[in-house]
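The lines below spell out each chain.
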Amino acid sequence: MAFTLPELPYAYDALGPYMSKETLEFHHDKHHQAYVTKANELIAGTGLENLSLEEAMVAAFKDKSKAGLFNQLGQHFNHIHFWHWMKKGGGGNKLPGKLEAQITKDLEGFEGFKKKFIEAGTTQFGSGWAWLAMDNASGKLEIVKTPNGENPVVLGKTALLGVDVWEHSYYIDYRNARPKYLEAFVDSLINWDYVAELYEKGPMKIAA
Amino acid sequence: MNSLISKRTFLSYLAATPLVIGALQFISPVKFAHAAADAPKTSGPFTLPKLPYATNALEKAIDAQTMEIHHGKHHQAYVDKLNEEVAKDPALKGKMLDEIIGEVSKYPAAVRNNAGGHWNHSFFWNLMTPEPTTMSDELKQAIEDSYGTVEEFKKQFEEAGTKQFGSGWVWLVVTSEITVEIVTTPNQDNPLMDVVELGGTPILGNDVWEHAYYLRYFNKRADYLKSWWNVVNWKVVSENYAKAKL
Ligand SMILES: [Fe+2]
Ligand SMILES: [Fe+2]
Ligand SMILES: [Fe+2]
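Thresholds applied
- Residues numbered from 1 in each chain as written.
- Chains lettered and ligands numbered in written order.
- Predicted model: local features only at pLDDT ≥ 70, side-chain atom pairs only at ≥ 80, totals over all residues.
- Pairing = 2+ DSSP bridges.
- Helix = DSSP H or I, 4+ residues; strand = E, 2+ residues; numbered from the N terminus.
- Axes fitted to C-alpha atoms, helices over the stretch in contact; angles between N-to-C directions.
- Contact = placed C-beta atoms within 7 Å.
- Nonpolar A, V, L, I, M, F, W, Y, C, P; charged D, E, K, R; others polar.
- Left-handed = near helix turned anticlockwise from the far one by under 90°.
- Domains from an automatic or database assignment.
- Buried ≥ 20, exposed ≤ 12 C-beta atoms within 10 Å, placed from the backbone.
- Expected span 1.5 Å × (residues − 1).

Colleague: So what exactly am I meant to see when it comes to the sheet that holds strand β3 (residues 157–164) of chain A here?
Modeller: The strands that make up a sheet are held in pairs by hydrogen bonds between backbone atoms, and each pair lies either parallel or antiparallel. All names here are of chain A. Within the open sheet, the 3 strands sit side by side as β2-β1-β3. Their pairing is antiparallel. Single-partner strands in this sheet number two, and they are β2 (141–147) and β3. With direction set aside, neighbouring strand axes in the sheet form an average angle of 30°. Note: strand β1 (residues 128–135) against β3, 7 bridges, orientation antiparallel.

Below, the structure written as structure tokens:
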């Protein structure tokens, strides 16, 4: 089944001034679309066509000869969730209770989370992502950073929240100031309801 | 530069060499900014080289704002962070940038990233010019030996740059067999690094980090790669080739 580009779950101008309409137009309509188009091109004839996105992504990650396909599948997965990890009027430190309790336990509270998450995003050298992830074995929350299209799922973890630190995600609005973009993401964009939803679902275990 | 002594040292340099006043904004108290081409032969603390042209000189391919941020912010940040590493590690003291690059596996990732960033960008500024230039006959021959025609070489260079997934560089290197070959590296890796498998001596390189082109070309990296040929300094590339094959 061919992959398709999902629509943004809000209007293009909904995230301003923290993320502009122009950024979302390029990021969603051009970058995400290109990942979808190339994923469909590259998956043809690999035998992975009938798997779910998550299964195909993990299988391609494990097979080094499919690195090119993995990049597109990983980015398709990452961006599908990225749009939902933001909302108009999002951000701030009011978290759903159970999730907040575990963040307090594992990451030294919201302030600990914020500091580590922004630091991971700032120090991910080059294009990549910073994450709030759950370790599938221990159930513990942790902050993870990954290059390019990689994500916690291919590392045997569950992605609860991710921020895109490819320059295309912030260059129009913040230029080289990646830390400012990350601050704005945490303070004004995070959709904690979606994070809590993924948290409640528990470990995402994908067999390859 | 806030102590009186360093200010005096600074002023005496100025008095002795009045012709370099144009470079003033880049001078540290004891050391003049080097030309971009000389960066590999400098040691820490490293300095941001001056651009060899105005920031609006390359408008045929790159807008002035991109040049200002790319040089003044991104390259400056690589220099600053490399200097932090040099200050921390006695083994880096007095080491030339070229030496650090060649043995980069010995150091933490921050050295690889920022020494690479400094080397690559210093090299990059010097590869561009607003003036029309032509390549030497011997470089043209080497390119034709590997790629048939210069047009075909350009096409393959653009393709390689477009396909480099995420941030990185596309290079033309001189290999150990004295042929020229297109290679790509992720992030700020460089073909001279001991950690890079497909190595060689770079004679040409284009930055395909999104910061290099996003303000004018947005997602269209291929368009950036194509118009970049309008500002390539073939005289410098030819000199790089002549030196690399010695
Ligand atoms: Fe993205
Ligand atoms: Fe950057
Ligand atoms: Fe750059």
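There's plenty left to go through after this.
Colleague: Sorry if this is basic, but what is going on with the interface of chain A and chain B here?
Modeller: Put simply, an interface is often sized by how much accessible area is lost when its parts join up. Taken together, the contacts link 15 residues of chain A with 15 residues of chain B. The greatest single-element share of the side of chain A that touches chain B, amounting to 3 residues, is contributed by helix α1 (residues 21–43) of chain A. A breakdown of the residues in the side of chain A that touches chain B according to their chemical character gives 5 nonpolar, 7 polar and 3 charged.

Colleague: How do you make sense of the packing of helix α2 (residues 53–62) of chain A against helix α3 (residues 67–84) of chain A when you look at a structure like this?
Modeller: Axis angle and axis distance: for two packed helices, these are the angle between their axes and the distance between the axes, and together they describe the pair. Residue and element names in this part refer to chain A. Between α2 and α3, the least distance of the axes is 9 Å, while the angle of their chain directions is 145°. Every pair of crossing elements has a handedness; the one defined by α2 and α3 is left-handed. Here Leu53, Glu54, Ala56, Met57, Ala60 and Phe61 of α2 lie close against α3, whose contacting residues are Leu69, Phe70, Leu73, Gly74, His76 and Phe77. A breakdown of the residues in the contact of α2 with α3 according to their chemical character gives 9 nonpolar, 2 polar and 1 charged.

Colleague: I tried to follow the domain arrangement of chain A on my own but got confused; where do I start?
Modeller: Residues and elements named next belong to chain A. Segmenting chain A into domains produces domain 1 (21–84) and domain 2 (97–201). Taking only C-alpha atoms, the centre of domain 1 and the centre of domain 2 are 20 Å apart. With 18 residues of domain 1 in contact, the opposing surface of domain 2 contributes 16 residues. When residues of the side of domain 1 that touches domain 2 are traced back to their parent elements, those giving at least two are α1, α2 and α3. Sorting elements by how many residues they give to the side of domain 1 that touches domain 2 places α3 first, with 9 residues. The residue inventory of the side of domain 1 that touches domain 2, partitioned by class, reads 7 nonpolar, 9 polar and 2 charged.

Colleague: Before we go on, may I ask you to explain the pairing of β1(A) in this structure?
Modeller: Remark: a regular strand shows side chains that alternate across the two faces of the sheet. Residues and elements named next belong to chain A. Of all 8 residues making up β1, 7 are buried, and the element is well covered by its neighbours. Bridge count for β1 against β2 is 7 bridges, and the pairing is antiparallel. Its bridge partner lying in β2, Trp129 is registered against Thr146. Hairpin geometry of β1 and β2 is characterised by an intervening segment of 5 residues between the two adjacent antiparallel strands and by a positive phi of about 75° at Gly139.

Colleague: So what exactly am I meant to see when it comes to α3(A) here?
Modeller: In an α-helix, one full turn covers 3.6 residues, which means residues spaced three or four apart are oriented alike. Residue and element names in this part refer to chain A. Under the 1.5 Å per step criterion, the end-to-end length of α3 is 26 Å for 18 residues, consistent within 8% with the ideal 26 Å. Listed as buried for α3 are Leu69, Phe70, Asn71, Gln72, Leu73, Gly74, Gln75, His76, Phe77, Asn78, His79 and Trp83. At its buried positions, α3 is contacted by α1, α2, β1 and β3.

Colleague: What am I meant to see in unusual backbone geometry here?
Modeller: Peptide bonds are trans in most cases, and residues, glycine excluded, mostly fall at negative phi. Residue A:Gly16 is joined to A:Pro17 through a cis peptide bond whose omega torsion reads 0°. Examined against the element boundaries, A:Pro17 turns out to sit in the segment before α1. Note that the residue after B:Gly44, namely B:Pro45, is joined by a cis bond; omega there is -5°. Tracing the sequence through the fold places B:Pro45 in the loop between α1 (4–16) and α2 (64–88).

Colleague: Looking at this model, I keep getting lost on the sheet that holds strand β3 (residues 201–207) of chain B. Mind explaining?
Modeller: Residue and element names in this part refer to chain B. A sheet is described by the order of its strands in space; here 3 strands give the open sequence β2-β1-β3, paired in antiparallel fashion. Two strands bound the open sheet, and with one partner strand each, they are β2 (180–186) and β3. With strand direction ignored, the average angle separating the axes of adjacent strands in the sheet is 25°. As judged from the 7 bridges shared by strand β1 (residues 168–174) and β2, these two strands associate in the antiparallel manner. In the strand pairing of β2, Val174 is matched with Val180.

Colleague: What exactly am I supposed to notice about the pairing of β1(B) here?
Modeller: Residue and element names in this part refer to chain B. With respect to burial, β1 is a largely interior element, 7 of its 7 residues being buried. The alternating pattern of β1 places Gly168, Val170, Leu172 and Val174 on one face and Trp169, Trp171 and Val173 on the opposite face, and all of these are buried. Taken together, β1 and the strand that follows it, β2, pair antiparallel across an intervening segment of 5 residues, in which Ile178 is found at a positive phi of about 60°. Summarising the sheet, β1 and β3 pair through 6 bridges and their orientation is antiparallel.

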